[in-house]
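Okay, here's what each chain looks like letter by letter:
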Amino acid sequence: MSTNPAKPSMRDSLVAAAFQLFLERGYEQTTIDDIVRTAGVGRRSFFRYFPSKEDVVFPDHEQSLADMTAFLAASEDSDDPLVRVCEATRLVMRMYAENPTFSVQRYRLTREVTGLRTYELSVVWRYEKTLGDYLRTRFADRRDGTLRANVVAAAVVAAHNHALRHWLRSGGEGDPLAEVDRALEFVRETWSPQPGPAGPAGEQETDDVVVVITKRSTPMWRVVREVESSLGDG
């Protein structure tokens, strides 16, 4: 049995070559020709995997978005939609955690290059839209369904990104999944339905309903007096 490590795929080789050059020369100074030359492939091979130089910096997001979409599509009607979107967002953090070194390098690169930061924000918007589309479907029977879906989706993404940035700024130290779980728990506590105030016996308070039966010809002042008397206010 061979003990030689598996040869990286052409896609992985292109990503590795690109980041090697970005770190050595800088992003702006590195061309696609430089990347394919370092990877030992032709330009056509590059564009088979990546539409642009920006895309080679974010090689894993398309698959991550596809995984999130499939996860949400597989939801059951009995699933709590808030819990489901939190679990879907956790898939994204897991993607970052699989390669901490690469994730930290990319984070530092996007902090330096404005164009990459703009590209990253467009990716974040696609994640938020995916969550929002799912929630709008699940909240369709609510009067505030669209508003609730949009706000909850934004809150989940903000919580995820808060935990992600904290982990990346630390250089990839610690447990990023534990970080995001704490952040998402805050969202769940904030947006989960809360029970109404309980009465002394632990039961929900309810409004009294008074039914008054009277003749159509009865003066209104007498009807009001009867209602007040029934409520104990007379």
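Quick notes on the rules
Residues numbered from 1 in each chain as written. Predicted model: local features only at pLDDT ≥ 70, side-chain atom pairs only at ≥ 80, totals over all residues. Heavy atoms only, no water. 1 Å grid on protein atoms, 1.4 Å probe; cavity = no way out; pocket = protein on both sides within 12 Å on 5 of 7 lines; lining within 4 Å. Points joined across faces, edges and corners; volume = space filled by probe spheres on them. Helix = DSSP H or I, 4+ residues; strand = E, 2+ residues; numbered from the N terminus. Nonpolar A, V, L, I, M, F, W, Y, C, P; charged D, E, K, R; others polar. Salt bridge = Lys/Arg side-chain N within 4 Å of Asp/Glu carboxyl O. Polar contact = N/O pair within 3.5 Å; in protein donor to acceptor, adjacent residues only side chain to side chain. Contact = heavy atoms within 4.5 Å. Phe/Tyr/Trp six-rings, centres within 6.5 Å; stacked < 30°, edge-to-face > 60°. Buried < 20%, exposed > 50% of the residue type's maximum accessible area, 1.4 Å probe, protein only. Expected span 1.5 Å × (residues − 1). Arc of directions from axis to C-beta. Core = buried A, V, L, I, M, F, W, Y, C linked by side-chain atoms within 4.5 Å. Axes fitted to C-alpha atoms, helices over the stretch in contact; angles between N-to-C directions. Parallel < 35°, antiparallel > 145°, perpendicular 65-115°, else oblique.

Draft legend 1. Quick peek at the layout of surface pockets. Approximately 350 Å³ is the volume found for the largest pocket. For the largest pocket, the lining is made up of 24 residues, of which Tyr 96, Glu 120, Val 124, Asn 161 and Leu 164 are closest to its centre. Listed by contribution, the elements that provide at least two residues to the lining of the largest pocket are α5 (61-73), α6 (81-97), α7 (100-112), α8 (114-138) and α9 (145-169). In terms of residue class, the lining of the largest pocket is built from 13 nonpolar, 5 polar and 6 charged. Forming the walls of the second largest pocket are Arg 11, Asp 12, Val 15, Ala 16, Phe 19, Pro 59, Asp 60, Met 95, Glu 98, Asn 99, Phe 102 and Ser 103. Elements represented by at least two residues in the lining of the second largest pocket include exactly α1 (10-25) and α7.

Draft legend 2. Spatial organisation of the pattern of salt bridges. Throughout the structure, instances matching the rule amount to 15 salt bridges. Here the salt bridges do not stand alone but share partners, grouping Arg 25, Asp 34 and Arg 37 into one network.

Draft legend 3. Spatial organisation of the side chain of His 61. The topology assignment puts His 61 in helix α5. Looking at His 61, its side chain comes within polar contact range of the side chain of Tyr 96, at 3.4 Å. Of note is the side chain of His 61, whose polar atom sits 2.8 Å from the side chain of Tyr 127. Aside from chain neighbours lying at most four places away, what touches His 61 is Met 95, Tyr 96, Arg 106, Val 123 and Tyr 127.

Draft legend 4. Main features of the packing of aromatic side chains. Here the structure, examined in full by the defined rule, presents 7 aromatic pairs. Both rings, one in Phe 46 and one in Phe 47, keep their centres 5.3 Å apart while their planes meet at 80°; by these two values the pair is edge-to-face. Its relative accessible area of 0% is what places Phe 46 among the buried residues. Among the residues examined, Phe 47 registers a relative accessible area of 39% and is labelled partly exposed. Centre to centre, the rings of Phe 58 and Tyr 119 are 5.0 Å apart; their planes meet at 15°, and the pair counts as stacked.

Draft legend 5. A look at helix α10 (residues 176-191). Taking 1.5 Å as the rise per residue, α10 with 16 residues should run 22 Å; its terminal C-alpha atoms sit 23 Å apart, in good agreement. Among all positions of α10, only Pro 176, Leu 177, Glu 179, Val 180, Ala 183, Leu 184 and Val 187 are buried. Take α10 and look down its axis: the buried residues cluster within an arc of 155°, on one side only. In α10, the exposed positions that point more than 90 degrees away from the buried face belong to Arg 182, Phe 186 and Glu 189. Summarising the contacts, the buried residues of α10 are in contact with α6 and α9. The N-terminus of α10 is capped by Asp 175, whose side-chain oxygen sits 3.0 Å from the backbone nitrogen of Leu 177.

Draft legend 6. Structural detail: the nonpolar core. Within the largest apolar cluster, 34 residues are counted, with the highest numbers of intra-cluster contacts made by Met 68, Leu 72, Val 85, Tyr 127, Leu 131, Leu 135 and Val 156. When residues of this core are traced back to their parent elements, those giving at least two are α5, α6, α7, α8, α9 and α10. The biggest single contributor to this core is α9, with 10 residues. Excluding residues that lie within four positions of it along the chain, Leu 135 makes contacts with Pro 81, Val 85, Ala 149, Val 152 and Ala 153.

Draft legend 7. Broad picture of the packing of α7 against α8. Interhelical geometry of α7 versus α8 gives an angle of 115° and a closest axis separation of 5 Å. By the angle between their axes, α7 is roughly perpendicular relative to α8. Residues Leu 109, Thr 110, Arg 111 and Glu 112 of α7 touch α8, and the partners they reach there are Thr 114, Leu 116, Arg 117 and Glu 120. Counted by class, the contact of α7 with α8 contains 2 nonpolar, 2 polar and 4 charged residues.

Without other data, these values stay purely geometric and don't point to any function.
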